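# Tertiary structure, described
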Amino acid sequence: MAHLRLFLMIFFWPLLTQAATPSIAILKIDTAITPVSADYFIRGLQQAAARQASLVILQIDTPGGVDSAMRDMIKEILASPIPVAGFVSPRGTPVGSAGTYILYACHFAGMAEGTSLGATTPIAMGSGGTTPAPMNADSKIWPQGKPGSASPSPTHQHAASAQQVEDASAYLRSLAQLRGRNVEWAEHAVREAASLSAKEALEAKVIDLIAVDVPDLLKQLHGKKTSIAGVDRSLNTAGATTFVIEADWRTRLLGVITNPGIALILLMLGIYGLIFEFSNPGLALPGVVGGICLLLALYGFQLLPLSYAGLGLIILGLALMLAEAFIPSFGILGLGGVLAFILGGAILIDSDIPGDGISLHLILPLSVASALLTFFSLAMAIRARIQPVVSGGEAIIGASGK
(Lines give C-alpha, C1' and ligand atoms only; values in the text may rest on other atoms or scores of the structure.)
Protein backbone atom coordinates (compact mmCIF):
# COMPACT_ATOMS: atom_id res chain seq x y z
CA MET A 1 0.00 0.00 0.00
CA ALA A 2 2.82 2.40 0.84
CA HIS A 3 4.52 1.68 -2.47
CA LEU A 4 1.26 2.26 -4.34
CA ARG A 5 0.72 5.59 -2.57
CA LEU A 6 4.29 6.66 -3.41
CA PHE A 7 3.80 5.65 -7.05
CA LEU A 8 0.55 7.66 -7.30
CA MET A 9 2.17 10.72 -5.75
CA ILE A 10 5.10 10.57 -8.15
CA PHE A 11 2.83 10.04 -11.17
CA PHE A 12 0.24 12.71 -10.38
CA TRP A 13 2.53 15.29 -8.73
CA PRO A 14 3.27 17.23 -11.99
CA LEU A 15 -0.45 17.46 -12.69
CA LEU A 16 -1.24 18.63 -9.18
CA THR A 17 1.57 21.19 -9.29
CA GLN A 18 0.42 22.52 -12.65
CA ALA A 19 -3.16 22.84 -11.42
CA ALA A 20 -2.06 24.67 -8.30
CA THR A 21 0.13 27.16 -10.18
CA PRO A 22 -1.91 30.17 -11.33
CA SER A 23 -1.51 31.31 -14.91
CA ILE A 24 -1.67 34.94 -16.02
CA ALA A 25 -2.57 36.03 -19.56
CA ILE A 26 -0.99 39.17 -21.01
CA LEU A 27 -2.62 41.21 -23.76
CA LYS A 28 -0.79 44.13 -25.36
CA ILE A 29 -2.34 47.14 -27.09
CA ASP A 30 0.31 49.51 -28.45
CA THR A 31 -1.63 51.25 -31.23
CA ALA A 32 -4.69 53.46 -31.49
CA ILE A 33 -7.93 51.86 -30.29
CA THR A 34 -9.73 50.63 -33.41
CA PRO A 35 -12.22 47.86 -34.21
CA VAL A 36 -9.15 45.69 -34.86
CA SER A 37 -7.87 46.37 -31.33
CA ALA A 38 -11.29 45.53 -29.92
CA ASP A 39 -11.41 42.30 -31.92
CA TYR A 40 -7.96 41.30 -30.65
CA PHE A 41 -8.89 42.09 -27.04
CA ILE A 42 -12.23 40.27 -27.12
CA ARG A 43 -10.73 37.16 -28.71
CA GLY A 44 -7.83 37.36 -26.25
CA LEU A 45 -10.21 37.34 -23.28
CA GLN A 46 -11.91 34.29 -24.72
CA GLN A 47 -8.57 32.50 -25.10
CA ALA A 48 -7.61 33.42 -21.54
CA ALA A 49 -10.88 31.97 -20.25
CA ALA A 50 -10.39 28.79 -22.30
CA ARG A 51 -6.91 28.36 -20.80
CA GLN A 52 -8.33 28.97 -17.30
CA ALA A 53 -6.20 32.01 -16.58
CA SER A 54 -6.76 33.53 -13.14
CA LEU A 55 -5.93 37.08 -14.26
CA VAL A 56 -5.58 39.07 -17.48
CA ILE A 57 -3.02 41.88 -17.65
CA LEU A 58 -3.80 44.48 -20.30
CA GLN A 59 -0.69 46.49 -21.16
CA ILE A 60 -1.89 49.84 -22.51
CA ASP A 61 0.15 52.11 -24.74
CA THR A 62 -2.30 54.08 -26.85
CA PRO A 63 -2.95 57.74 -27.70
CA GLY A 64 -6.71 57.13 -27.95
CA GLY A 65 -9.00 55.81 -30.61
CA VAL A 66 -12.48 55.16 -31.88
CA ASP A 67 -15.26 55.58 -29.33
CA SER A 68 -17.33 52.58 -30.45
CA ALA A 69 -14.33 50.23 -30.28
CA MET A 70 -13.45 51.54 -26.80
CA ARG A 71 -16.98 50.91 -25.54
CA ASP A 72 -16.94 47.36 -26.94
CA MET A 73 -13.75 46.66 -25.00
CA ILE A 74 -15.17 48.13 -21.81
CA LYS A 75 -18.32 46.00 -22.11
CA GLU A 76 -16.14 42.91 -22.32
CA ILE A 77 -14.13 43.97 -19.27
CA LEU A 78 -17.27 44.56 -17.22
CA ALA A 79 -18.71 41.18 -18.24
CA SER A 80 -15.44 39.26 -17.97
CA PRO A 81 -15.39 36.21 -15.67
CA ILE A 82 -11.66 36.86 -15.19
CA PRO A 83 -10.27 39.93 -13.40
CA VAL A 84 -8.53 42.39 -15.72
CA ALA A 85 -5.60 44.50 -14.54
CA GLY A 86 -4.83 47.52 -16.71
CA PHE A 87 -1.16 48.46 -16.75
CA VAL A 88 0.17 51.58 -18.50
CA SER A 89 3.62 50.66 -19.74
CA PRO A 90 6.44 50.88 -20.75
CA ARG A 91 8.03 53.94 -19.18
CA GLY A 92 7.44 57.17 -21.02
CA THR A 93 4.02 56.10 -22.28
CA PRO A 94 1.36 58.84 -22.37
CA VAL A 95 -2.12 57.30 -22.37
CA GLY A 96 -5.08 59.49 -23.21
CA SER A 97 -8.60 59.51 -24.51
CA ALA A 98 -9.87 55.93 -24.93
CA GLY A 99 -6.95 54.51 -22.96
CA THR A 100 -8.04 56.35 -19.82
CA TYR A 101 -11.59 55.03 -20.08
CA ILE A 102 -10.30 51.47 -20.45
CA LEU A 103 -7.96 51.86 -17.47
CA TYR A 104 -10.87 53.13 -15.34
CA ALA A 105 -12.96 50.11 -16.37
CA CYS A 106 -10.33 47.54 -15.35
CA HIS A 107 -10.70 45.77 -12.02
CA PHE A 108 -7.19 46.91 -11.09
CA ALA A 109 -5.32 49.91 -12.51
CA GLY A 110 -1.56 50.32 -12.46
CA MET A 111 1.01 52.51 -14.14
CA ALA A 112 4.73 52.30 -14.68
CA GLU A 113 6.97 55.09 -13.51
CA GLY A 114 7.36 57.91 -16.00
CA THR A 115 3.95 57.40 -17.60
CA SER A 116 0.90 59.65 -17.68
CA LEU A 117 -2.81 59.50 -18.43
CA GLY A 118 -5.75 61.81 -18.96
CA ALA A 119 -7.04 64.17 -21.65
CA THR A 120 -10.32 62.35 -22.27
CA THR A 121 -12.20 65.26 -23.86
CA PRO A 122 -13.97 64.02 -27.02
CA ILE A 123 -11.88 65.02 -30.04
CA ALA A 124 -14.92 65.80 -32.14
CA MET A 125 -15.92 68.70 -29.90
CA GLY A 126 -15.00 71.27 -32.51
CA SER A 127 -12.81 74.31 -32.42
CA GLY A 128 -14.69 76.05 -29.68
CA GLY A 129 -13.42 73.68 -27.03
CA THR A 130 -13.92 74.32 -23.34
CA THR A 131 -12.60 76.98 -21.03
CA PRO A 132 -10.67 75.67 -18.01
CA ALA A 133 -12.13 76.69 -14.70
CA PRO A 134 -9.98 78.47 -12.10
CA MET A 135 -7.72 76.38 -9.90
CA ASN A 136 -8.46 75.83 -6.21
CA ALA A 137 -5.29 75.24 -4.23
CA ASP A 138 -7.22 74.02 -1.15
CA SER A 139 -8.38 70.82 -2.80
CA LYS A 140 -7.45 67.53 -1.11
CA ILE A 141 -8.53 65.41 -4.06
CA TRP A 142 -6.55 67.07 -6.81
CA PRO A 143 -2.80 66.71 -6.07
CA GLN A 144 -1.85 70.08 -7.52
CA GLY A 145 -4.99 72.05 -6.78
CA LYS A 146 -8.52 71.25 -7.97
CA PRO A 147 -10.15 73.06 -10.84
CA GLY A 148 -13.24 74.99 -9.80
CA SER A 149 -16.56 73.24 -9.65
CA ALA A 150 -18.15 75.47 -12.27
CA SER A 151 -18.66 73.61 -15.51
CA PRO A 152 -17.96 75.39 -18.78
CA SER A 153 -21.05 76.91 -20.29
CA PRO A 154 -22.17 75.23 -23.52
CA THR A 155 -23.51 78.50 -24.92
CA HIS A 156 -20.39 78.91 -27.06
CA GLN A 157 -20.36 75.30 -28.20
CA HIS A 158 -22.31 73.44 -30.77
CA ALA A 159 -25.19 71.50 -29.22
CA ALA A 160 -23.87 68.19 -30.53
CA SER A 161 -20.42 68.85 -29.08
CA ALA A 162 -21.87 69.71 -25.68
CA GLN A 163 -23.91 66.52 -25.77
CA GLN A 164 -20.79 64.47 -26.53
CA VAL A 165 -18.98 66.03 -23.57
CA GLU A 166 -21.89 65.33 -21.21
CA ASP A 167 -22.16 61.74 -22.39
CA ALA A 168 -18.41 61.14 -22.07
CA SER A 169 -18.34 62.73 -18.62
CA ALA A 170 -21.22 60.62 -17.34
CA TYR A 171 -19.69 57.47 -18.81
CA LEU A 172 -16.30 57.97 -17.13
CA ARG A 173 -17.96 58.96 -13.83
CA SER A 174 -19.97 55.74 -13.86
CA LEU A 175 -16.79 53.70 -14.35
CA ALA A 176 -15.08 55.59 -11.52
CA GLN A 177 -18.02 54.92 -9.20
CA LEU A 178 -18.04 51.25 -10.16
CA ARG A 179 -14.35 50.76 -9.35
CA GLY A 180 -14.23 53.14 -6.38
CA ARG A 181 -11.83 55.60 -8.02
CA ASN A 182 -11.64 59.38 -8.09
CA VAL A 183 -14.94 60.52 -9.58
CA GLU A 184 -14.15 64.22 -9.47
CA TRP A 185 -10.93 63.90 -11.46
CA ALA A 186 -12.80 61.83 -14.05
CA GLU A 187 -15.10 64.83 -14.53
CA HIS A 188 -12.17 67.21 -15.05
CA ALA A 189 -10.37 64.80 -17.38
CA VAL A 190 -13.32 64.98 -19.76
CA ARG A 191 -14.28 68.64 -19.45
CA GLU A 192 -10.81 70.18 -19.22
CA ALA A 193 -8.52 67.58 -20.83
CA ALA A 194 -6.66 67.24 -17.51
CA SER A 195 -3.72 64.84 -17.26
CA LEU A 196 -1.77 63.27 -14.40
CA SER A 197 1.63 61.66 -13.97
CA ALA A 198 1.83 58.19 -12.44
CA LYS A 199 2.68 59.54 -8.97
CA GLU A 200 -0.08 62.14 -9.10
CA ALA A 201 -2.58 59.53 -10.28
CA LEU A 202 -1.72 57.31 -7.31
CA GLU A 203 -2.07 60.20 -4.86
CA ALA A 204 -5.42 61.18 -6.42
CA LYS A 205 -6.67 57.56 -6.15
CA VAL A 206 -7.13 57.34 -9.90
CA ILE A 207 -5.01 54.17 -10.00
CA ASP A 208 -4.29 51.45 -7.45
CA LEU A 209 -0.53 51.06 -7.71
CA ILE A 210 2.73 51.95 -9.46
CA ALA A 211 4.85 49.05 -10.68
CA VAL A 212 8.22 48.77 -12.37
CA ASP A 213 7.26 45.90 -14.66
CA VAL A 214 4.87 42.96 -14.92
CA PRO A 215 6.58 40.82 -12.20
CA ASP A 216 6.43 43.78 -9.81
CA LEU A 217 2.78 44.31 -10.76
CA LEU A 218 1.94 40.67 -9.96
CA LYS A 219 3.79 40.92 -6.66
CA GLN A 220 1.73 43.94 -5.59
CA LEU A 221 -1.55 42.43 -6.81
CA HIS A 222 -1.16 39.27 -4.71
CA GLY A 223 -3.92 39.06 -2.14
CA LYS A 224 -5.96 41.98 -3.50
CA LYS A 225 -9.71 41.48 -3.67
CA THR A 226 -12.25 42.29 -6.34
CA SER A 227 -15.82 41.40 -7.22
CA ILE A 228 -16.68 39.32 -10.29
CA ALA A 229 -20.40 38.94 -11.03
CA GLY A 230 -21.18 39.81 -7.42
CA VAL A 231 -18.73 37.25 -5.99
CA ASP A 232 -15.69 38.46 -4.08
CA ARG A 233 -12.37 37.02 -5.22
CA SER A 234 -8.87 37.24 -3.83
CA LEU A 235 -5.99 37.20 -6.30
CA ASN A 236 -3.30 34.56 -5.98
CA THR A 237 -0.34 35.64 -8.11
CA ALA A 238 2.44 34.05 -6.05
CA GLY A 239 4.64 31.99 -8.34
CA ALA A 240 2.27 32.55 -11.25
CA THR A 241 3.27 31.71 -14.79
CA THR A 242 2.56 34.24 -17.54
CA PHE A 243 1.80 33.75 -21.22
CA VAL A 244 1.36 36.40 -23.90
CA ILE A 245 -1.61 36.14 -26.26
CA GLU A 246 -0.43 37.33 -29.66
CA ALA A 247 -2.64 38.53 -32.47
CA ASP A 248 -3.68 35.68 -34.78
CA TRP A 249 -3.68 35.78 -38.60
CA ARG A 250 -7.24 37.15 -38.70
CA THR A 251 -6.39 40.11 -36.50
CA ARG A 252 -3.16 40.77 -38.43
CA LEU A 253 -5.08 40.70 -41.71
CA LEU A 254 -7.63 43.16 -40.33
CA GLY A 255 -4.77 45.35 -39.16
CA VAL A 256 -3.37 45.46 -42.69
CA ILE A 257 -6.56 46.18 -44.61
CA THR A 258 -7.77 48.75 -42.09
CA ASN A 259 -4.63 50.79 -42.62
CA PRO A 260 -6.06 53.83 -44.46
CA GLY A 261 -3.25 53.88 -47.01
CA ILE A 262 -3.54 50.16 -47.76
CA ALA A 263 -7.31 50.43 -48.03
CA LEU A 264 -6.95 53.28 -50.54
CA ILE A 265 -4.49 51.27 -52.65
CA LEU A 266 -6.84 48.26 -52.59
CA LEU A 267 -9.70 50.51 -53.71
CA MET A 268 -7.73 51.76 -56.70
CA LEU A 269 -6.57 48.27 -57.65
CA GLY A 270 -10.14 47.04 -57.42
CA ILE A 271 -11.58 49.80 -59.61
CA TYR A 272 -8.85 49.59 -62.26
CA GLY A 273 -9.00 45.79 -62.27
CA LEU A 274 -12.72 45.81 -63.01
CA ILE A 275 -12.29 48.50 -65.67
CA PHE A 276 -9.61 46.45 -67.47
CA GLU A 277 -11.82 43.38 -67.26
CA PHE A 278 -14.83 45.18 -68.74
CA SER A 279 -12.63 46.73 -71.45
CA ASN A 280 -11.13 43.35 -72.39
CA PRO A 281 -13.69 40.65 -71.60
CA GLY A 282 -12.26 37.21 -71.11
CA LEU A 283 -8.99 38.10 -69.40
CA ALA A 284 -10.46 36.94 -66.04
CA LEU A 285 -7.38 37.78 -63.94
CA PRO A 286 -7.96 41.55 -63.71
CA GLY A 287 -11.61 40.97 -62.82
CA VAL A 288 -10.85 38.39 -60.13
CA VAL A 289 -8.04 40.43 -58.54
CA GLY A 290 -10.04 43.65 -58.87
CA GLY A 291 -13.14 42.17 -57.25
CA ILE A 292 -11.17 40.78 -54.29
CA CYS A 293 -9.28 44.04 -53.77
CA LEU A 294 -12.47 46.10 -54.00
CA LEU A 295 -14.29 43.96 -51.40
CA LEU A 296 -11.30 44.05 -49.04
CA ALA A 297 -11.10 47.84 -49.43
CA LEU A 298 -14.80 48.30 -48.70
CA TYR A 299 -14.54 46.06 -45.62
CA GLY A 300 -11.52 48.02 -44.38
CA PHE A 301 -13.29 51.35 -44.92
CA GLN A 302 -16.32 49.99 -43.08
CA LEU A 303 -14.17 49.55 -39.95
CA LEU A 304 -12.56 53.00 -40.24
CA PRO A 305 -13.94 56.41 -39.23
CA LEU A 306 -14.69 57.18 -42.85
CA SER A 307 -15.68 60.50 -44.38
CA TYR A 308 -18.15 59.72 -47.17
CA ALA A 309 -17.42 63.09 -48.75
CA GLY A 310 -13.77 62.07 -49.08
CA LEU A 311 -14.70 58.68 -50.53
CA GLY A 312 -17.04 60.37 -53.00
CA LEU A 313 -14.28 62.76 -54.12
CA ILE A 314 -11.89 59.86 -54.67
CA ILE A 315 -14.39 57.95 -56.78
CA LEU A 316 -15.25 61.13 -58.70
CA GLY A 317 -11.57 61.81 -59.29
CA LEU A 318 -10.98 58.32 -60.69
CA ALA A 319 -14.08 58.64 -62.87
CA LEU A 320 -12.92 61.99 -64.28
CA MET A 321 -9.45 60.69 -65.05
CA LEU A 322 -10.90 57.69 -66.84
CA ALA A 323 -13.37 59.89 -68.71
CA GLU A 324 -10.41 61.86 -70.06
CA ALA A 325 -9.34 58.75 -71.97
CA PHE A 326 -12.73 58.40 -73.69
CA ILE A 327 -13.87 62.03 -73.90
CA PRO A 328 -10.80 64.14 -74.72
CA SER A 329 -11.14 67.56 -73.07
CA PHE A 330 -7.57 68.82 -73.53
CA GLY A 331 -6.74 67.77 -69.94
CA ILE A 332 -9.58 69.53 -68.12
CA LEU A 333 -11.25 66.32 -66.96
CA GLY A 334 -7.91 64.74 -66.08
CA LEU A 335 -6.67 67.68 -64.02
CA GLY A 336 -10.03 67.95 -62.29
CA GLY A 337 -9.86 64.24 -61.48
CA VAL A 338 -6.37 64.58 -59.99
CA LEU A 339 -7.50 67.52 -57.84
CA ALA A 340 -10.62 65.67 -56.66
CA PHE A 341 -8.53 62.60 -55.83
CA ILE A 342 -6.04 64.60 -53.75
CA LEU A 343 -8.78 66.42 -51.83
CA GLY A 344 -10.69 63.19 -51.24
CA GLY A 345 -7.62 61.38 -49.91
CA ALA A 346 -6.82 64.27 -47.57
CA ILE A 347 -10.26 64.18 -45.89
CA LEU A 348 -11.02 60.47 -46.31
CA ILE A 349 -10.38 59.52 -42.68
CA ASP A 350 -12.49 61.51 -40.23
CA SER A 351 -10.16 61.29 -37.23
CA ASP A 352 -7.85 63.66 -35.36
CA ILE A 353 -5.66 60.89 -33.94
CA PRO A 354 -2.04 61.50 -34.99
CA GLY A 355 -1.01 59.20 -37.83
CA ASP A 356 -4.55 57.93 -38.40
CA GLY A 357 -5.09 59.70 -41.72
CA ILE A 358 -3.58 59.23 -45.17
CA SER A 359 -0.25 60.93 -45.77
CA LEU A 360 0.24 63.25 -48.72
CA HIS A 361 3.38 61.22 -49.46
CA LEU A 362 1.02 58.42 -50.50
CA ILE A 363 -1.79 60.50 -52.01
CA LEU A 364 0.44 62.44 -54.42
CA PRO A 365 2.21 59.40 -55.97
CA LEU A 366 -1.14 57.62 -56.39
CA SER A 367 -2.59 60.71 -58.04
CA VAL A 368 0.37 61.05 -60.39
CA ALA A 369 0.24 57.34 -61.26
CA SER A 370 -3.48 57.55 -62.06
CA ALA A 371 -2.96 60.70 -64.14
CA LEU A 372 -0.09 59.11 -66.08
CA LEU A 373 -2.18 56.02 -66.74
CA THR A 374 -5.05 58.20 -67.94
CA PHE A 375 -2.92 60.33 -70.27
CA PHE A 376 -1.13 57.25 -71.56
CA SER A 377 -4.49 55.75 -72.46
CA LEU A 378 -5.48 59.05 -74.08
CA ALA A 379 -2.27 59.14 -76.15
CA MET A 380 -2.81 55.58 -77.30
CA ALA A 381 -6.38 56.38 -78.31
CA ILE A 382 -5.32 59.48 -80.29
CA ARG A 383 -2.55 57.55 -82.01
CA ALA A 384 -4.98 54.82 -82.99
CA ARG A 385 -7.36 57.39 -84.46
CA ILE A 386 -4.81 59.13 -86.70
CA GLN A 387 -3.33 55.94 -88.12
CA PRO A 388 -4.61 55.03 -91.62
CA VAL A 389 -7.04 52.19 -92.10
CA VAL A 390 -5.25 49.09 -93.40
CA SER A 391 -8.16 46.69 -93.93
CA GLY A 392 -11.78 46.64 -94.97
CA GLY A 393 -13.65 48.66 -97.56
CA GLU A 394 -12.40 51.98 -96.19
CA ALA A 395 -8.80 51.01 -96.98
CA ILE A 396 -9.33 51.28 -100.77
CA ILE A 397 -10.70 54.85 -100.67
CA GLY A 398 -8.20 57.10 -102.49
CA ALA A 399 -5.91 54.20 -103.34
CA SER A 400 -4.53 53.67 -106.88
CA GLY A 401 -5.11 50.36 -108.65
CA LYS A 402 -4.70 48.53 -111.91
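Residues numbered from 1 in each chain as written. Predicted model: local features only at pLDDT ≥ 70, side-chain atom pairs only at ≥ 80, totals over all residues. Heavy atoms only, no water.

Moving on to the environment of aspartate 213. In this fold, aspartate 213 is placed in the loop between strand E10 (209-211) and helix H8 (214-221). Residue aspartate 213 is classed as partly exposed on the basis of its relative accessible area of 36%. For the pair aspartate 213 and methionine 111, spaced 102 residues apart in sequence, the C-alpha separation works out to 9.1 Å. Within polar-contact distance, the side chain of aspartate 213 engages the backbone nitrogen of aspartate 216 at 3.0 Å. (Helix = DSSP H or I, 4+ residues; strand = E, 2+ residues; numbered from the N terminus. Buried < 20%, exposed > 50% of the residue type's maximum accessible area, 1.4 Å probe, protein only. Polar contact = N/O pair within 3.5 Å; in protein donor to acceptor, adjacent residues only side chain to side chain.)

Turning next to helix H10 (residues 260-279). Helical periodicity: at 3.6 residues per turn, an α-helix aligns residues three or four positions apart in one direction. Over its 20 residues, H10 extends 29 Å from the first C-alpha to the last, a length consistent with the 28 Å expected when each residue adds 1.5 Å. Buried within H10 we find Pro260, Gly261, Ala263, Leu264, Leu266, Leu267, Met268, Gly270, Ile271, Tyr272, Gly273 and Glu277. Two to three positions downstream of the cap, the backbone nitrogen of glycine 261 sits 2.9 Å from a side-chain oxygen, assigning the N-cap of H10 to asparagine 259. (Expected span 1.5 Å × (residues − 1).)

A few words on helix H6 (residues 183-191). With respect to burial, H6 is a largely interior element, seven of its nine residues being buried. Among all positions of H6, only Trp185, Ala186, Glu187, His188, Ala189, Val190 and Arg191 are buried. A distance of 3.1 Å separates the backbone nitrogen of glutamate 184 from a side-chain oxygen at the start of H6, and that oxygen is part of asparagine 182. Alanine 193 occupies a position one or two residues after H6 and carries a positive phi of about 55°.

Counting 52 residues, the largest nonpolar core has Ile102 and Val206 as its most contacted members. Leaving out residues up to four positions away in the same chain, isoleucine 102 has contacts with Ile33, Leu58, Ile60, Met70, Met73, Ile74 and Ile77. Of all hydrophobic cores here, the second largest spans 28 residues; its members include Leu306, Ile314, Met321 and Ile363. (Core = buried A, V, L, I, M, F, W, Y, C linked by side-chain atoms within 4.5 Å. Contact = heavy atoms within 4.5 Å.)

Turning our attention to a nonpolar patch on the surface. A cluster of nonpolar side chains, Phe276, Leu373 and Phe376, forms an exposed patch at the surface whose accessible area comes to about 280 Å². Structurally, leucine 373 is set in helix H14 (residues 360-386). Of the residues examined, leucine 373 reaches a relative accessible area of 32% and is grouped as partly exposed. (Patch = residues over 30% accessible without salt bridge, like charges linked within 9 Å, V, L, I, M, F, W, Y side chains within 5 Å. Areas by Shrake-Rupley, 256 points an atom, 1.4 Å probe, with all protein chains shown as cover. Salt bridge = Lys/Arg side-chain N within 4 Å of Asp/Glu carboxyl O.)

For the rest of this paragraph, the subject is the packing of H10 against helix H11 (residues 285-303). Taken N-terminus to C-terminus, the directions of H10 and H11 make an angle of 150°; their axes are 7 Å apart at the nearest point. The chirality of how H10 crosses H11 is left-handed. Contacts between H10 and H11 involve Ala263, Leu264, Leu266, Leu267, Leu269, Gly270, Ile271, Gly273, Leu274, Phe276 and Glu277 from the first element and Leu285, Pro286, Gly287, Gly290, Gly291, Cys293, Leu294, Leu296, Ala297 and Phe301 from the second. Considering only residue class, the contact of H10 with H11 consists of 15 nonpolar, five polar and one charged. (Axes fitted to C-alpha atoms, helices over the stretch in contact; angles between N-to-C directions. Left-handed = near helix turned anticlockwise from the far one by under 90°. Nonpolar A, V, L, I, M, F, W, Y, C, P; charged D, E, K, R; others polar.)

All right, on to the sheet that holds E10 then. Across the sheet, which stays open at both edges, the six strands sit in the order E10-E5-E3-E2-E1-E13 with parallel pairing between neighbours. The two strands at the open ends of the sheet, each matched to only one other strand, are E10 and strand E13 (241-244). Strand-to-strand, the axes of this sheet are offset by a mean angle of 30°, without reference to chain direction. Where helix H2 (residues 35-50) meets the sheet, it contacts strand E1 (23-29), strand E2 (55-60) and strand E3 (84-88), and its direction lies at approximately 175° from that of E1. On the sheet, H8 packs against E1, E2, E3, strand E5 (108-112), E10 and E13 and is oriented at approximately 145° with respect to E10. (Pairing = 2+ DSSP bridges.)

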